[in-house]
Amino acid sequence: MAFEDLKAEIALLLNQMENQPEDRHELYLQIREKLNEMRVFGMPLPGDLVRLEKELEAQFRSEERAAAARA
């Protein structure tokens, strides 16, 4: 997949995130998948998306720990 295509897909994913915050876990998985594709092809990773991926991952881990503590 061409770099420009990946950039367009990531832009679309970010737009979806803004419009559908209730679906953020699925969006996180899609962002992670696209970043992994970029890694495989040795493409430079957009720093803001890498930070977003890490922030979402940390949020999900925190939510999982809180749910486990309640159980």
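Please refer to the structure higher up on the page.
Residue indices begin from 1 for each chain and proceed along its sequence in written order. At least 70 in pLDDT is required for a residue's local features to be given in this predicted model, at least 80 for side-chain atom pairs to be given and counted, and no such filter applies to totals for whole chains, interfaces and linings, which use all residues. The side-chain quantities take in all heavy atoms of the structure and omit both hydrogens and water.

Undergrad: Looking at this structure, how should I read the nonpolar core?
TA: One recurring pattern in soluble globular proteins: nonpolar side chains tend to sit buried together. In terms of nonpolar packing, the biggest core is built from 15 residues, with Met17, Ile31, Leu35, Met38, Leu52 and Leu56 touching the most fellow members. Among the elements of the structure, helix H1 (3-19), helix H2 (24-40) and helix H3 (47-70) are those that each provide at least two residues to this core. Working rule for contacts: check all heavy atoms of both residues, and any pair within 4.5 Å makes them a contact. With near-sequence residues (within four places) excluded, Met17 lies in contact with Leu27, Ile31, Leu52 and Leu56. For our purposes a nonpolar core is just a set of buried Ala, Val, Leu, Ile, Met, Phe, Trp, Tyr and Cys residues, chained together by side-chain atoms within 4.5 Å. The rule is simple: take the accessible area with a 1.4 Å probe, protein chains only, and divide by the maximum for that residue type; under 20% is buried, over 50% is exposed, in between is partly exposed. Numbering goes from the N terminus for both helices and strands, where a helix is a DSSP run of H or I of at least four residues and a strand is a run of E of at least two.

Undergrad: Whenever I open this one, the pattern of salt bridges confuses me. Can you help?
TA: Pairing of side chains with opposite charge becomes possible as their charged atoms draw close. Note on definitions: salt bridges are taken to be side-chain nitrogens of Lys or Arg within 4 Å of carboxyl oxygens of Asp or Glu. Under the definition given, this model contains 5 salt bridges. Salt-bridge contacts for Glu37 lead to Lys34; the nearest nitrogen and oxygen are separated by 3.5 Å. Taken together, the residues span about one helical turn, with Glu37 and Lys34 both in helix H2 at a distance of 3 residues. Of the two residues, Glu37 and Lys34, both sit in the buried class. Among the ionic pairs, Arg61 bridges to Glu57, the shortest N-O distance being 2.3 Å. Pair noted here: Arg61 and Glu57 are both in helix H3, with a separation of 4 residues, about one helical turn. Classification of Arg61 by relative accessible area gives partly exposed; the value is 41%. We classify Glu57 as partly exposed; its relative accessible area is 27%. Salt bridges sharing common partners tie together Glu9, Lys34 and Glu37.

These figures capture arrangement, not role.
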